Structure formats: structure tokens, C-alpha cells
Amino acid sequence: MTAKFTPRVFSGMQPSGDLHLGNYLGAMKRWVDMQNAGTHETVYCMVDLHAITVWQDPAALARSTRELCAGFIAAGIDPEKSILINQSQVPEHAQLAWIFNCVARMGWMGRMTQWKDKAGKNAEAASLGLFAYPALMAADILIYHATHVPVGEDQKQHLELTRDIAAKFNHDYGVDFFPITEPVIEGAATRVMNLRDGTKKMSKSDPSDMTRINMTDDADTIARKIRKAKTDPDPLPDNLGGLDARPEARNLVNIWAALAETTPEAVVEANAGKLFGYFKQDLAEIAVEKLAPIADEMARLMQDEGEIDRILARGADRARALSAPVLEETYRIVGMVGR
Ligand code: TRP
């Protein structure tokens, strides 16, 4: 079904501020790997239009958007190799989203678990944009005819909806215009958990800063947080199975593996019998070596707003070369006069 489409990866992230290790290992680093694999074109997007489906302070939104851009570049997204954009700077996303608002059904949207979670008991007070959020997400992806979308497990249902919207559009208009996108779901190995409670995801909203490593943390802070991470008194086992009931220990092994680009199995084998006190010292060294240069580069870029804005303007130009013809053709298919 997707054979006639150029292999193209699209993914997006909300500019919600406070980037942490979970964002880096779970998303950014995977995106960088896909960029460097060279098998697909890659388009990466800061989704500011999605962010405002719940209230955002304007100055904070602008700052978070530039910070996310700096984070992407510091993490290894190369704005020449990938197309790096801010969603509102490519108007075709919102334009296609309107068409999709007219393709998607109220019932489909009402079944989205993220909508139900975020709207909570007071859905009457939620914005209309929050309800339509997944249709805009489908537009983000399909405006580029993207074939592959790397996301976390929590976005799987939105990608199924994206496929449903593409299929219904194609069916209703009798065309084979939008691809049926493949989700590329994050595996457990890159899912980073809370440093104090290995059963919860690392999150920017946890009240304790000691539960997460922020991408802007300096070397001392990174090392201190790892040293103080919760573990248990037992040494490392000689196989992964020995970590089954030890979520905090397992999380540190996963983080090591992801940062050092190896497997959790190999980390356990190489450290079998070691006490966590020593393991954490070594892990802190690896983490500082990988993360401190990213924090430095982010700080450097954040000093130069003009440079960030130029990169985003150029990204928007490159994106529009792809998105404008797709929107034109969509309008033509739908019967909009003037093209
Ligand atoms: N909803 C996604 C999230 O919260 C962000 C997003 C917006 C996205 N548009 C996208 C992800 C398109 C993948 C593709 O993580």
C-alpha cells in the first residue's frame, strides 16, 4: 500500500519545556539514529499548535519552542540532513487539519484515551482544539505523505486514527492519495523511568527534581542524581532475568545500555556481581560524558535566538516545498475551486 510513497519519517514533540533524559533517549536519540541511517527522509517538528490546546503563557511557549529546537540540534538533529520545523510556521498543517476535521467522526475522537484523560470529568470546559488534537496530528504526518512515525506507546491510538483518516479520505474520494502510515513504537529498552520509583515514567511534572535528569543539568548535578538514585542492597545479577522484580535497578541498566549504545544484556554481563554503589559511579561517568556536551551546546544555541530563528525559517521553506503541493492536490480532490 505504501510502496508508491517515498520512505519518509515524520515525528513531533510538544514544546512544553524542561527536556529530560526520557525525551532524549526515548525520542530525540531515536530520531537522530533514523536521520543518520539514511534510509528515509526525516522531518521533525515542534508542535506549537498542539501545545496551545491547553493554556500556554505566550512568553513561555516562545521560549520552550526555541529551547526544544536547541535541544534537537544539540542532540544531533542536523537541520541540513533532516527538515526541522516549528508547526505553526508551515501553515499547510493547520489547513489540512481542517479537511481532516471533516473526515474524522465525533465518535472516533470521543474514544481517544488521551482526550478522555486530559479532558477529565469536565469535558465541557476543554477546548475544541483538544478534542480535534488527533486530527491535527494526522495532518502533520499526512501533509508529508510520511510512511513511518516513531512515537511512544501512548501515541499508538492516535496513529491508528491517522490510518483511519487516511483510509476514509481515500475511500470517500475514490483516490489512493494518502499513505497508510506505519507506527514505529518505542521499545521498553529506551523507556526511561523515574529515578526514585522505577514503576513510573520519568516526567517533567514530578515535584521532585531528583527523579529526573534534565537535559540542561550540569555534570555535578547529573552525577549527584545518579548516585542518589534508588536501588537495592543486592549486587548486579549475571543475567537480565535477575532484574525482573527490581525496577529501579533495571532502569539504571537500561539507561547505561541506551547511553553507551549497547544492550541491557551486555551491561549486566559486564557488571555481574558489582554493587550498585560502584555501578552508579561508572554510570555517572558515562552519563556526564554523553550528556554534558549536549547541555553545553544547548546553552550556546540558546544565547543566539537569531540563529535558531534562521534555522527554523529555513526548515519551514524546505517543508513547504513538500507540503504545499500535497495541500493543493487535496483541495483539488475535495473540489475546492481555484486550482
Ligand atoms: N502527540 C504527540 C505527543 O504528544 C506529538 C505529535 C504531534 C506527534 N504531532 C505528531 C507525534 C505527529 C508524531 C507524529 O507525543
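Cut-offs used in this document
Residues numbered from 1 in each chain as written. Predicted model: local features only at pLDDT ≥ 70, side-chain atom pairs only at ≥ 80, totals over all residues. Heavy atoms only, no water. Near = heavy atom within 4 Å. Polar contact = N/O pair within 3.5 Å; in protein donor to acceptor, adjacent residues only side chain to side chain. Areas by Shrake-Rupley, 256 points an atom, 1.4 Å probe, with all protein chains shown as cover. Helix = DSSP H or I, 4+ residues; strand = E, 2+ residues; numbered from the N terminus. Axes fitted to C-alpha atoms, helices over the stretch in contact; angles between N-to-C directions. Parallel < 35°, antiparallel > 145°, perpendicular 65-115°, else oblique. Contact = heavy atoms within 4.5 Å. Expected span 1.5 Å × (residues − 1). Buried < 20%, exposed > 50% of the residue type's maximum accessible area, 1.4 Å probe, protein only. Domains from an automatic or database assignment. Buried area = accessible area lost by both parts, 1.4 Å probe. Salt bridge = Lys/Arg side-chain N within 4 Å of Asp/Glu carboxyl O.

**Some points on the site of the ligand**
Here is step 1: Taken together, Phe 10, Ser 11, Gly 12, Val 47, His 50, Tyr 133, Met 137, Asp 140, Ile 141, Val 149, Val 151 and Gln 155 make up all the residues around the ligand.
Here is step 2: Tyr 133 is positioned with one of its side-chain polar atoms (N or O) 2.7 Å from a nitrogen atom of the ligand.
Here is step 3: In this structure, a nitrogen atom belonging to the ligand sits 3.0 Å away from a side-chain N or O atom of Gln 155.
Here is step 4: Protein burial of the ligand: of its 360 Å² of free accessible surface, 88% is covered by the chains.
Here is step 5: Elements that contribute at least two residues to the shell around the ligand include exactly strand 1 (8-13), helix 7 (128-142) and strand 4 (148-151).
Here is step 6: The element best represented in the shell around the ligand is helix 7, accounting for four residues.

**Some words on the packing of helix 3 (residues 58-75) against helix 13 (residues 305-334)**
Here is step 1: Viewed as axis vectors pointing N to C, helix 3 and helix 13 meet at an angle of 80°, and their least axial separation amounts to 10 Å. By the angle class used here, helix 3 and helix 13 are roughly perpendicular. Contact with helix 3, carried on its side by Arg 66, Cys 69, Ala 70 and Ile 73, involves Glu 305, Ile 308, Asp 309, Ile 311 and Leu 312 of helix 13 and no other residues of that element.

**As for helix 13**
Here is step 1: The end-to-end C-alpha separation of helix 13 is 40 Å, in line with the 44 Å expected for 30 residues at 1.5 Å each.
Here is step 2: Along helix 13, the residues classified as buried are Ile 308, Ile 311, Leu 312, Gly 315, Ala 316, Ala 319, Ser 323, Val 326, Leu 327, Thr 330, Tyr 331 and Ile 333.
Here is step 3: Looking one or two residues past helix 13, Gly 335 carries a phi angle of roughly 100°, positive in sign.

**Comments concerning the domain arrangement of the protein chain**
Here is step 1: On domain assignment, one finds that the protein chain holds domain 1 (8-190 + 304-334) and domain 2 (209-300).
Here is step 2: Listed by partner, the interface residues are 15 residues for domain 1 and 14 residues for domain 2.
Here is step 3: Interface area, domain 1 with domain 2, both sides summed: about 1300 Å², of which 72% is carbon and sulfur.
Here is step 4: Sorting the residues of domain 1 by area buried against domain 2 places Leu 21, Tyr 24 and Ala 74 first, and these three jointly supply 36% of that buried surface.
Here is step 5: Across the pair Lys 29 and Glu 261 runs a salt bridge whose closest N-O atoms are separated by 3.2 Å.
Here is step 6: Where domain 1 touches domain 2, the interface holds three residue pairs in polar contact (both at pLDDT 80 or more).
Here is step 7: Those elements that provide at least two residues to the side of domain 1 that touches domain 2 are helix 1 (21-37) and helix 3.

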